[in-house]
Structures are given as structure tokens and as C-alpha cells.
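Topology and contacts: notes
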Amino acid sequence: MAVQSRKRHVEKRPAAQREASEPVSERSTTERDLADQPAPAEAVVEQAVAEAPPAEPPAPAERNLRDLYDHLVPYLGRWRAEIIDGRLIVSPVGSPENQWKAYLLPEALAPLARERGWRVYPGLDVCLPGTREPFEPDFAMAPKDAPRWGEREVFTDGLVMVGEIVSPASVEDDRVKKPRIYARGRVPVMLLVDPVCDPPTVTVFSRLKDGAYTEKTEVAMGEKLHIPEPVDFTLDTAIFLD
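On a plain count of helices and strands, the chain comes out with six helices and 14 strands. Looking at the chain as a whole, 34% of its 242 residues qualify as buried. Approximately 15700 Å² of the chain is accessible, and the part contributed by carbon and sulfur atoms is 53%.

Now for helix 6 (residues 171-184). Compared with an ideal rise of 1.5 Å per residue, which puts 14 residues at 20 Å, helix 6 spans 20 Å between its outermost C-alpha atoms and is within 8% of the ideal. Remark: the principal bend of helix 6, roughly 45°, maps to Lys 177, with a proline, Pro 179, within the next four residues. Within the sequence span of helix 6, burial applies to Asp 173, Asp 174, Lys 177, Lys 178, Pro 179, Ile 181, Tyr 182 and Ala 183. At the C-terminal side of helix 6, Arg 186 shows a positive phi close to 65°.

Turning next to the confidence of the model for the chain. Per-residue confidence for the chain gives a mean pLDDT of 80, with 74% of residues at or over 70. Every residue in residues 1-12 is under pLDDT 50, and counting partners more than four places away or in other chains gives zero contacts. Note that residues 14-32 has pLDDT below 50 and, in this model, six contacts with residues that lie over four places away or in other chains.

It is worth spelling out the sheet that holds strand 11 (residues 201-209) at this point. Working definition: the strands of a sheet are paired by backbone hydrogen bonds and lie parallel or antiparallel to each other. Sheet architecture is open: six strands sit in the order 3-6-9-10-11-12, paired in mixed fashion. In this open sheet, the two edge strands, each paired with only one partner strand, are strand 3 (118-121) and strand 12 (212-220). Direction aside, neighbouring strands of the sheet carry axes that sit 15° apart on average. Strand direction decides the pairing type here: strand 3 and strand 6 (residues 139-143), joined by four bridges, are antiparallel. Within the sheet, the bridge partner assigned to Arg 119 lies in strand 6 and is Ala 142. On top of the sheet, helix 5 (residues 96-116) reaches strand 3, strand 6, strand 9 (161-165) and strand 10 (189-194); it is set at about 175° to strand 3, its chief contact.

A few words now on the packing of aromatic side chains. Under the counting rule described, the total for this entry stands at four aromatic pairs. Judged by centre distance (5.4 Å) and plane angle (25°), the rings of Trp 100 and Tyr 103 are stacked. Of the two residues, Trp 100 and Tyr 103 both sit in helix 5, three residues apart, roughly one turn of that helix. Classification of Tyr 103 as partly exposed rests on a relative accessible area of 40%. Ring geometry for Phe 205 against Tyr 213: centres 6.1 Å apart, planes inclined by 40°, an arrangement best described as tilted. Here Phe 205 and Tyr 213 have matching classes, each one buried.

A separate point is the pattern of salt bridges. Tallied over the entire structure, the rule returns 13 salt bridges. Across the salt bridge formed by Asp 157 and Arg 186, the nearest N and O atoms sit 3.0 Å from each other. Placement of the pair is Asp 157 in the loop between strand 8 (153-155) and strand 9 and Arg 186 in the loop between helix 6 and strand 10, with a sequence separation of 29 residues. On the basis of relative accessibility, which here comes to 46%, the residue Arg 186 falls in the partly exposed class. Connected through salt bridges with shared partners, the residues Glu 82, Glu 164, Asp 174 and Lys 178 form a single ionic network.

About the thresholds
Residues numbered from 1 in each chain as written. Predicted model: local features only at pLDDT ≥ 70, side-chain atom pairs only at ≥ 80, totals over all residues. Heavy atoms only, no water. Helix = DSSP H or I, 4+ residues; strand = E, 2+ residues; numbered from the N terminus. Buried < 20%, exposed > 50% of the residue type's maximum accessible area, 1.4 Å probe, protein only. Areas by Shrake-Rupley, 256 points an atom, 1.4 Å probe, with all protein chains shown as cover. Expected span 1.5 Å × (residues − 1). Bend = angle between axes of the 7 residues up to and from the residue. pLDDT = per-residue confidence, 0-100. Contact = heavy atoms within 4.5 Å. Pairing = 2+ DSSP bridges. Axes fitted to C-alpha atoms, helices over the stretch in contact; angles between N-to-C directions. Phe/Tyr/Trp six-rings, centres within 6.5 Å; stacked < 30°, edge-to-face > 60°. Salt bridge = Lys/Arg side-chain N within 4 Å of Asp/Glu carboxyl O.

Written as C-alpha cells, this is what we have:
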């Protein structure tokens, strides 16, 4: 059987008419091209950062407390850390009253420090030579070029004086352990301001011999107290009653 071939008639139109009759895309060619391109490198980086898990402190060190302290310090913020008798103690800053008393010491001793080329600090990171056990006294005074471990910690044997403000949580450490620690660290003078005691007192420890303070002078808060050499200054402790 013969197969009949059919031809479809196709109307030929000018190009201009074809373009006019075709539907217009919602996006221009430029927009389509941009959409097909990969995201900029900056966007990829930002997305990667957003999807990354939050940073966590490094795993605890296993060798000793000093290593653990070094790991923790960058994450402590306004918390303070010290190693006392084999204990790593992390505590918040003192009460507003204690912080005010800690401020009064630098204010009272700043003129003397300037005369002698020293610096006063309401809180300072210090460490013992050799063991590098870290402490943070409420007050410290030292030559401006006192030797340091790294950029942050001043060696205790380069200090002129330290001061501690006793709080209810620090009674045992400040009254009993800190004088032994600072004497072992060869700090010439330690001042202990004790508003917790009844009545409140101020005590100065001095005259180092064989790693211990051999002289202790205590007055009721409000009386005058002579701080021995190398400070040689009479402190009116009435400032702590404010």
C-alpha cells in the first residue's frame, strides 16, 4: 500500500514579529546570568562561619595545675584564678565594698610610688619564681620595670608590696596562707585589710627572714599604721571606714 506523504505548512514570519509574539521572561538575561553564577567567596566564608560550631575551651591539661590555669585564663573574663596549696581556685571579683577598699590603697600610695619610680595596681597577676604558681593580690606596688613572666605576670620577688582585702569567703586563705605564700615569694611587705574581723583590723607583715615574715603589726581600722621599709610610709587606715 502506498504511503501518502503529508507536508505541514509552516508560516514564515519576520524575526521582529516572532520576538514580539514570544512571552517576555520575568527576569532579564543579566539577572539569569547572575543567578547561575556561584556565590561570591565572601558569602561562602560568612556561611561557613555561621554554620561552624561555637568555640570551646581546650581540653584540660593533664600535667599540672599551672597548665590548667594557663588553659582557663583566656576564658575567665572578670573571674580571678589562683593556685593555693595545690587547689586551683576560681572566684568572682570582690563585693563593691571590697573593690572600693582595694581602690583606696593605690590612691593613698600613688604619690609615694611616683616619687620613687614605682607603679601601683588595684589587682595584678603575679607568680612565684621557679614554680610559677599564680596569684592575684587585691593591691600591688612594684617598679615599672619589675621582671615578668611573659607579658602579663610579674614575679613576686620583683614586687615592693602586696595587699589583700579579706572577704567572708577568703578568711582562711588571706589571713593564714597568703602571708606564707608572699613571704616564700620574697615580697618585702604584705598589708592585710580585714573588715570581716570584729572589730575590723589592718595588719602589716614585714622583715623577711628564711622565707617567712618575722614582724607583724596590727591596728584597729581607723588608726594610723606605719608600713616599714622599703615603703616607709604611715597609712591612715581611717580611709577604709568610708
